[in-house]
Amino acid sequence: NRFCYNIYFIRLGKIGMDGLDAIESDYSRLQDVQENLWRKTFAILDEMIAAFDEVAEPTLGMRVQSADASTTQSGGTLSVSGLSIPQRPTPPGTKIKTFVKRSRDEVVAAQKDVHVVLSKLSKDIDRLLPPLESPGSVPFCNPPVKFDVELVGKGVADHFFRNGQFGVGNAFLREAGIDEGGSLAKKSPFREMLTILGDLKKRILGPAITWAEKHQEQLEERRSNIAFRLHSLEYTRYLRQYRRRDAIEYARRHFPPFSRTEMPTIHKLMGALLFEDRLESSPYAQDLFNDQLWESTEKMFVCEYCGVLSLPPVCPLFALVNAGIIAFPVLLKANRILPKSGAFTDELPIEVEIEDKPQYHSIFICPVTHEESSQENPPMILRCGHILSKNAILKLPKGNTRFKCPYCPSEQPIEQCAEINI
């Protein structure tokens, strides 16, 4: 619910912070009354089961298993094989009926509270949020931006797959009318990743080490040290179990390939052998025997696993939602200030600052035109080594075949400029 709640706010147009606070308050109240309904319902069900058990117990106790037992009933006495036993009074049915009616009234009252808060939340949203001008458009963008509904749907399904909710992701694609053809290929790597990650959480390193050895070349190209981190954790596990000989043998087998890049850490790992009986108080406790190393290793594994497959380490939908939440106040202010003339088309005439985390590639800003590079306007390198945007280079010749670099005396024709990929 919270995830969908944040997605919804990304498309807000003319709502102020007071409106946001009102909706936030209604949403929190709705969560409280829903939780109260859930607790009350289950408490009543437990009481009802106990009441029925109490009624059924004396009846079951009076059953006679003997085949030759003759029973007669006279007045308030039960006779079994000549014995007269006072009959236990059966709880009146009106008591159960009253209990059921009272319980039903309590549940209905709690449900009414939920409907009242839900209705208020719905009315506040309808009152504060402008309707979409057309299906799939964003009203505060000028000109209106069209959402690729299928692409957004696949992003939502990707979010489910990354969290191991494969059934939910498939159901979402099916009910959204999106082709599931590529879903199997997307699920398979996440299924393996989540399996290995589950083992790491249990501190089982074997599957992760096997995966690292299988993708050794790709990891070396990425200059990743995940393989050494896994081997060092396995080594420290032996030390924690007082298996000194096994730890030494493991280090001899697996540490030599990392001696060129990880020698300082290897020195610490081998030095820890001197403190086998008091590792937690040794000088290496903070660096080598900290439980936080496991948490950082799990994050590192996810990052490297996705990197080997050329996938972003963070769910794209999650990154986009967070970036949208950060950028929303700026967009809201721009919507109020900027004219609606549609003078700008493919970009906003304002700069939106977001955190470094959502940035996955370098961005080139032309020093002449101050424009951000794009596929239509890529960065170009001059013979002198300076880099300008394509649009800036096309404007420099001014009818001549050659042009002068704005930053040095070098001259050259446009044909000698080369496009670069950052």
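Residues numbered from 1 in each chain as written. Predicted model: local features only at pLDDT ≥ 70, side-chain atom pairs only at ≥ 80, totals over all residues. Heavy atoms only, no water.

With that settled, the discussion passes to the sheet that holds strand S7 (residues 387-389). With antiparallel pairing, 3 strands are arranged side by side in an open sheet as S7-S6-S10. Of all the strands in the sheet, the pair left with one neighbour each is S7 and strand S10 (418-419). Both strand S6 (residues 379-381) and S10 contribute to a ladder of 2 bridges, which runs antiparallel. Pairing of Met-380 across the sheet is with Glu-419, part of S10. (Pairing = 2+ DSSP bridges. Helix = DSSP H or I, 4+ residues; strand = E, 2+ residues; numbered from the N terminus.)

Along the polypeptide, His-115 turns up in helix H3 (residues 93-128). A C-alpha to C-alpha distance of 9.4 Å links His-115 and Val-33, two positions 82 residues apart in sequence.

Once that is clear, we can look at the packing of helix H7 (residues 206-214) against helix H9 (residues 226-240). The geometry of H7 relative to H9 is characterised by a closest axis approach of 9 Å and an angle of 150 degrees between their N-to-C directions. The orientation of H7 with respect to H9, classified from their angle, is roughly antiparallel. When you trace H7 past H9, the crossing you get is left-handed. Note on element contacts: H9 touches H7 through Ala-227, Leu-230, His-231 and Glu-234, opposite Ala-208, Ile-209, Ala-212 and Glu-213. Class assignment of the residues belonging to the contact of H7 with H9 gives a composition of 5 nonpolar, 1 polar and 2 charged. (Axes fitted to C-alpha atoms, helices over the stretch in contact; angles between N-to-C directions. Parallel < 35°, antiparallel > 145°, perpendicular 65-115°, else oblique. Left-handed = near helix turned anticlockwise from the far one by under 90°. Contact = heavy atoms within 4.5 Å. Nonpolar A, V, L, I, M, F, W, Y, C, P; charged D, E, K, R; others polar.)

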